[in-house]
Amino acid sequence: MEVAVHDLDLAYGDFTAIKSLDLTIPDGESVVLLGQSGCGKTSTMRCIAGLETPTGGTISIGDKTVFDGNSGRVVPVYKRNVGMVFQSYAVWPHKTVLENVAFPLKMKGVAKARRRTEALAVLELVGLAHLADRGASMLSGGQMQRVALARSMAMSPSVLLLDEPLSNLDARLRDDLRVELRRIQTERGLTSLYVTHDQQEALALADRIAIMQAGRISQLGTPEEIYGTPASASIASFLGVTNVFPVAPGSTSRALELADTEVVLRTDRAVPAVASSACIRPEDITVTLDSGNDVSDLSGKRGDANHLGGVVRIAVFQGSTIRCKVEIDGGIELDAVCPPPSTGVLAPGARVTVSVDAAAVKVLPDEVPSAETRAAVAA
Ligand SMILES: Nc1ncnc2c1ncn2[C@@H]1O[C@H](COP(=O)(O)OP(=O)(O)O)[C@@H](O)[C@H]1O
Ligand SMILES: [Mg+2]
């Protein structure tokens, strides 16, 4: 069922955790709420579940309003039909796997035989049917999370809320379970809100990603949109764009001056009128050793690229790529991820030429303006 959150506010005493948040999860879609720790993700989820009473705004699930700050309407948790999975393994250790999963059905008054059939069906879905009669305390962390997931799905919830459910698992298991979650999500057409601070997880699991910063949603888009076109430098930086440099006022696309440095770049983007930064993905940087004719090879060949001289400070071999930090003449350090050079070695101290296509230099406003700032500018 569609979940619609409108103009949501939540305060803990004097502290405002959520500010006029708008978010719609269309029926059957997986929306991932992605943001740094402390930005308000869990609080938002708890408001939807009914575990927290917002200060204002409205929340509806399907055509039912479950919270309305104006009328004071608050529908209790157990009448919202939401399924929840948390970071900690919330399974009952003294019950069997099957009993864990069948429990919500028992609460609903479903007859015993049907409870077993339905519980087995969801256990099948999460790949645990063969362990139905095992004690839950005998399971591994990954299996316990599957049980928690199966239990939350057993009652056919209108919406499934998942709060960093994979973060306690080791890397390998997390990858596997992530793929499986996506399969279940698409197979079942579940409406879900998934909360995480991990961008890889968000990119893998989302139909749409909502970037949350300081209690509000600053960007909403498909994983491709968010990854390819972050709305601000702070979002880009959060998404792993390690090269972020404030742009000096008065800069233009042809002469993009990096503040407090001698470095001038070119970009094919318009420079915003507000405080902005040049953002460059490490993968978009080419590093070439300055040995003999390499430099002359570069000039002229790539007319649209920026070429900067520098010295390698750190180089880390990563298998198919090398990650290096290059101190650029003129006062910046660039982080690059590139294939090993065909001849020579990218080692600390080596003189190099760094090339970046103008198209790869993104000039983004430092922050997404909030609704209040936009209104103030318009006035
Ligand atoms: N019960 C509470 N009382 C006071 N402050 C809280 C409470 N719960 C969360 N907060 C604060 O609200 C902010 C958002 O918290 P939370 O929603 O848990 O963030 P996230 O899940 O994104 O890490 C944080 O600054 C946190 O310290
Ligand atoms: Mg949290």
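Everything numeric in this text was worked out from a predicted model, so none of it was measured.

**Comments concerning the sheet that holds strand β8 (residues 159-163)**
Moving on, step 1. The sheet built from six strands is open, its strands ordered β7-β8-β9-β3-β10-β11 with mixed pairing. Edge positions in the sheet fall to β7 (82-85) and β11 (216-221), since each of these pairs with one other strand and no more. Here the strands of the sheet are splayed against their neighbours by 20° on average, with no regard to which way each runs.
Moving on, step 2. Relative to β8, β7 is paired through four bridges, and the arrangement is parallel. Considered in β8, the bridge of Met84 is made with Leu161.
Moving on, step 3. Contacts between helix α4 (residues 141-154) and the sheet are confined to β7 and β8, with β7 contributing the most and set at about 175° to the helix.

**So, the packing of helix α3 (residues 112-125) against α4**
Moving on, step 1. At a minimum axis distance of 9 Å, the contact between α3 and α4 shows a crossing angle of 135°. Considered as vectors, α3 and α4 are oriented oblique to each other. Like other packed secondary-structure pairs, α3 and α4 cross with a definite hand, here right-handed. Facing Glu118, Val122, Leu123 and Leu125 of α3, the residues of α4 in contact are Ala150, Met153 and Ala154.
Moving on, step 2. Each residue belonging to the contact of α3 with α4 can be placed in one class, and the counts come to six nonpolar, no polar and one charged.

**Details of helix α2 (residues 97-107)**
Moving on, step 1. The complete set of buried residues in α2 reads Val97, Leu98, Asn100, Val101, Ala102, Pro104 and Leu105.
Moving on, step 2. The positive-phi residue at the C-terminal boundary of α2 is Gly109, with phi of around 85°.

**Details of the site of ligand 1**
Moving on, step 1. Close to ligand 1 lie Tyr12, Phe15, Ala17, Gln36, Ser37, Gly38, Cys39, Gly40, Lys41, Thr42 and Ser43, which account for all nearby residues.
Moving on, step 2. Between ligand 1 and Lys41 there is a distance of 2.9 Å, counted from an oxygen atom to a backbone nitrogen or oxygen.
Moving on, step 3. Taking 570 Å² as the accessible area of ligand 1 by itself, protein coverage stands at 58%.
Moving on, step 4. Put simply, the parts of the chain that give the shell around ligand 1 at least two residues each are β2 (15-25) and α1 (41-49).
Moving on, step 5. Looking at the shell around ligand 1, the element that brings in the most residues is α1, giving three residues.
Moving on, step 6. Partitioned by chemical class, the residues of the shell around ligand 1 number four nonpolar, six polar and one charged.

**Brief notes about the domain arrangement of the protein**
Accessible area lost when the parts come together is the quantity often used to give the size of an interface.
Moving on, step 1. Domains assigned within the protein are domain 1 (3-228) and domain 2 (233-365).
Moving on, step 2. In this structure, domain 1 and domain 2 have C-alpha centres spaced 40 Å apart.
Moving on, step 3. If you look at the interface, domain 1 gives twelve residues, while domain 2 gives seven residues.
Moving on, step 4. When domain 1 packs against domain 2, close to 810 Å² is buried across both sides, 57% of that on carbon and sulfur atoms.
Moving on, step 5. When residues of domain 1 are sorted by the area they lose upon contact with domain 2, Gln199, Gln213 and Tyr227 head the list and together hold 48% of the total.

**Section: the confidence of the model for the protein**
Moving on, step 1. Confidence along the protein averages 90 in pLDDT terms, with 94% of residues attaining 70 or more.
Moving on, step 2. Mean pLDDT across the elements of the protein ranges from a minimum in helix α9 (residues 294-298), with 49, to a maximum in strand β4 (residues 56-61), with 98.

**Remarks on the environment of Glu224**
Moving on, step 1. Residue position: Glu224 is located in helix α7 (residues 223-228).
Moving on, step 2. Between the C-alpha atoms of Glu224 and Phe317, which are 93 residues apart in sequence, the distance is 28 Å.

**Quick word on unusual backbone geometry**
Trans is the prevailing form of peptide bonds, just as negative phi is the prevailing case for residues other than glycine.
Moving on, step 1. Residues other than glycine seldom take positive phi values, yet Glu164 does so here, at roughly 45°.
Moving on, step 2. Relative to the assigned elements, Glu164 resides in the loop between β8 and α5 (171-188).
Moving on, step 3. In this structure Glu164 comes out as buried when scored by relative accessible area, which is 11%.
Moving on, step 4. Even without a glycine there, the phi angle at Asp260 is positive, about 60°.
Moving on, step 5. Along the chain, the position of Asp260 falls in the loop between β13 (256-257) and β14 (264-265).
Moving on, step 6. The exposure class assigned to Asp260 is exposed, which follows from its relative accessible area of 85%.

**Digging into the nonpolar core**
Moving on, step 1. Counting residues in each nonpolar core, the largest one holds 46 residues, and the members touching the most others are Val101, Leu123, Val126, Leu149 and Met153.
Moving on, step 2. The element that contributes the greatest number of residues to this core is α4, accounting for seven residues.
Moving on, step 3. For this core, the domains that each give at least three residues are domain 1 (3-228) and domain 2 (233-365).
Moving on, step 4. The contacts of Val126, once residues within four sequence positions are left out, are Arg146, Leu149, Ala150, Met153, Glu180 and Ile184.

Scoring rules and cut-offs
- Residues numbered from 1 in each chain as written.
- Chains lettered and ligands numbered in written order.
- Predicted model: local features only at pLDDT ≥ 70, side-chain atom pairs only at ≥ 80, totals over all residues.
- Heavy atoms only, no water.
- Pairing = 2+ DSSP bridges.
- Helix = DSSP H or I, 4+ residues; strand = E, 2+ residues; numbered from the N terminus.
- Axes fitted to C-alpha atoms, helices over the stretch in contact; angles between N-to-C directions.
- Contact = heavy atoms within 4.5 Å.
- Parallel < 35°, antiparallel > 145°, perpendicular 65-115°, else oblique.
- Left-handed = near helix turned anticlockwise from the far one by under 90°.
- Nonpolar A, V, L, I, M, F, W, Y, C, P; charged D, E, K, R; others polar.
- Buried < 20%, exposed > 50% of the residue type's maximum accessible area, 1.4 Å probe, protein only.
- Near = heavy atom within 4 Å.
- Polar contact = N/O pair within 3.5 Å; in protein donor to acceptor, adjacent residues only side chain to side chain.
- Areas by Shrake-Rupley, 256 points an atom, 1.4 Å probe, with all protein chains shown as cover.
- Domains from an automatic or database assignment.
- Buried area = accessible area lost by both parts, 1.4 Å probe.
- pLDDT = per-residue confidence, 0-100.
- Core = buried A, V, L, I, M, F, W, Y, C linked by side-chain atoms within 4.5 Å.

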